[in-house]
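# Working through the structure, step by step
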Amino acid sequence: MLTSQEIEQQTEKKPKFTGKQLVMLDSNATNKTINTQAKNASLKLATFSDYKNDVQDFYKAFDEADGIVFEQFGVAVVNEQKEEQVSMLTRSSGSKNTFIYSEPERYVYALNDSFEEFMRGYKSAVDNIFSKITNKGKISSVQGSSFLDDSVASWGIHATNILKTKFTGKGVNMAILDTGFNLKHPDFVGRSITSKSFIRGQRVNDQNGHGSHCTGILTGDIKKLTGRRYGVAKDANIFIGKVLSNAGDGSDSGILAGMEWAITNGCKIISMSLGASVEPNEDFSNIYNDLAKKALSKGTLIIAAAGNDSRRDRDKIAPVNHPANCPAIMAVAAVDNHSNVANFSCGGINPNGGQVDIAAPGVDIYSSWKSPDDYNSISGTSMATPYVAGIAALYWEENPKATASDIWLYLIQNAKRLILNASDVGAGLVQAPK
Amino acid sequence: MNNLKINFIASVNDDSIDDIKSIAKKLKSLGCNIESILAFSGVITGSTPSNISLSDLKIDGIKNIEPDRKVKAIAK
């Protein structure tokens, strides 16, 4: 345990700013222009290349001149107490196109964990042990991150910030490879739906419910009767590939045919809430991974469910399912409405591939269903997957020129980081673009 | 019991994608039943007769060959 004196020393505030200013310069400006305009503002600036023979001498620039221009970066560093001159340069019509903006120079420090960070990690570990031993008191992984179903939307819609985004997936072609879809669903009247069955002897119309549920999350809107929102990319173009039978069964050959169909029909996103269990240490499929890599390079992002084989309450974490275990396929884990990892959600335990990339709502998720029920609440990484796929469509609408790899990056960059293992939730809880 | 065929999925090398039909033909001549040819993916699916193992089918142009796994809807 640290003494109170040691605690005080560690939390002592270190100075933030040096007093100098960093000024962003126009990358096309010549040294002559920069120096002339600076002179007009009573600033004498040296150039870094003047000092390149002895790096240490460049500090002399701050004594001999008022600052130094780093030509390679297009940045000038100006001495203390020259704020007025810098302000004049960034505001006057004669110089503001050269001196674009300024900001104070910061001190940077080696990153040692602050005491507060240490205690946070310690508390999280203790909380974890407490809830395991007592099996009670589900502790929210991030303060203030519990959500509820209400009359406005399902908890999953609240948790992923769908109501705050202006994007709806308009113009984006998205495929769901599943048990088909309830083509007569009342909430999908007037939507653009292209479909194909890859199951011999069975039509696209979903007689299982699973495919309708995933489609509802992915690209549904509201329950027409009540106005409750349960779907993400409500204006996307829908491609239904029935690659699983009405009993929920399929095979690789059917899935691959469905993937080929989706890609060649211009689908930018393929959502696959399906898979097969794998053993610990089992390798991923090279065939699927090669296809996913090719798809990525051609502009299609493939997203799949991590799997439901874990029993975390019994300390069992199962490896991520095939084909989500492919590195080039985004694997989605499930969290509950307290942002805790779902009991059944598979984890990234295999050493070669098999990582969880991101997480999404997957427990007690309200969405569409087969006829005549039309609605249901079920759980699974199957439900989490279309949240990510639907949000991918929103990022694509926001960034129409983005590559598939760009979209992968946006999803990861903007995920809400959770105080949970990355092997369980990847980058965290997926969030819609602001 | 003697007719245990294995369903397979096979991918062809990137530089052999244009020859995928003739590669499928070669597999057929080895006794395979060809189910489908996916031109974009460079994938051939089908089944082998019982006396041929998957590794025997790694002929010229074939990059990977794997069993055709059963998959399911991942639901609780």
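Keep in mind that what you see is a predicted model, and the values were worked out from it rather than measured.

## A word on the overall build of chain B
For chain B, the helix and strand inventory stands at one helix and five strands. For chain B, the N- to C-terminal ordering of α and β elements is β-α-β-β-β-β. Principal-axis analysis of the C-alpha atoms gives chain B an extent of 40 × 35 × 20 Å. For chain B, with 76 residues in total, the buried portion stands at 36%. Long-range contacts, defined here as pairs at least 24 residues apart, represent 60% of the contacts in chain B between residues at least 6 apart.

## A word on the environment of Ile20 of chain B
Residue and element names in this part refer to chain B. Inspection of the secondary structure assignment puts Ile20 in helix H1 (residues 20–29). The exposure class assigned to Ile20 is buried, which follows from the 21 C-beta atoms found within 10 Å. For the pair Ile20 and Leu54, spaced 34 residues apart in the sequence, the C-alpha separation amounts to 18 Å. Residues contacting Ile20, with those up to four places away along its chain left out, are Val12, Ile37, Ala39, Gly42 and Ile44.

## A word on the sheet that holds strand S1 (residues 6–12) of chain B
All names here are of chain B. Strands sit in the order S2-S3-S1-S4 across an open sheet of four strands; the sheet is antiparallel. Of all the strands in the sheet, just strand S2 (33–38) and strand S4 (62–67) have a single pairing partner and so form its edges. The sheet shows a mean angle of 20° between the axes of neighbouring strands, direction not considered.

## Examining the interface of chain B and chain A
Taken together, the contact between chain B and chain A spans 21 residues of the former and 38 residues of the latter. It is strand S5 (residues 70–73) of chain B that contributes the most residues to the side of chain B that touches chain A, four residues altogether. Split into classes, the residues belonging to the side of chain B that touches chain A amount to eight nonpolar, six polar and seven charged. Relative to S5 of chain B, strand S9 (residues 249–251) of chain A runs antiparallel, the two being bridged by three bridges.

## Quick look at the pairing of S5 of chain B
Pairing of strand S11 (residues 274–275) of chain A with S5 of chain B involves two bridges; the strand directions are antiparallel. Following the sheet pairing, Gly275 of chain A is matched in S5 of chain B by Lys72 of chain B.

## Describing the packing of helix H7 (residues 210–219) of chain A against helix H10 (residues 381–398) of chain A
Residues and elements named next belong to chain A. As a packed pair, H7 and H10 sit with axes 7 Å apart at the nearest point and diverge in direction by 35°. Seen from above, H7 lies across H10 with right-handed handedness. Each of His210, His213, Cys214, Ile217, Leu218 and Thr219 in H7 lies in contact with H10, whose residues at this interface are Ser382, Met383, Pro386, Tyr387, Ala389 and Gly390.

## Remarks on the confidence of the model for chain B
A low pLDDT score tells you not to read the predicted coordinates there in detail. Summary statistics for chain B give a mean pLDDT of 92 and a share of 95% for residues scoring 70 or more. Model confidence for the complex is summarised by a pTM of 0.77, with the ipTM given as 0.91.

## A few points about the sheet that holds strand S12 (residues 301–305) of chain A
Residues and elements named next belong to chain A. Ordered in space as S7-S8-S6-S10-S12-S13-S14, the seven strands form an open sheet in which the pairing is parallel. Of all the strands in the sheet, just strand S7 (193–197) and strand S14 (358–361) have a single pairing partner and so form its edges. Between one strand axis and the next, the sheet turns by 25° as a mean value, whatever way the strands run. Contacting S12, strand S13 (330–335) and S14, helix H11 (residues 404–414) crosses the sheet at an angle of about 45° to S12.

About the cut-offs
- Residues numbered from 1 in each chain as written.
- Chains lettered and ligands numbered in written order.
- Predicted model: local features only at pLDDT ≥ 70, side-chain atom pairs only at ≥ 80, totals over all residues.
- Helix = DSSP H or I, 4+ residues; strand = E, 2+ residues; numbered from the N terminus.
- Buried ≥ 20, exposed ≤ 12 C-beta atoms within 10 Å, placed from the backbone.
- Contact = placed C-beta atoms within 7 Å.
- Pairing = 2+ DSSP bridges.
- Axes fitted to C-alpha atoms, helices over the stretch in contact; angles between N-to-C directions.
- Nonpolar A, V, L, I, M, F, W, Y, C, P; charged D, E, K, R; others polar.
- Left-handed = near helix turned anticlockwise from the far one by under 90°.
- pLDDT = per-residue confidence, 0-100.

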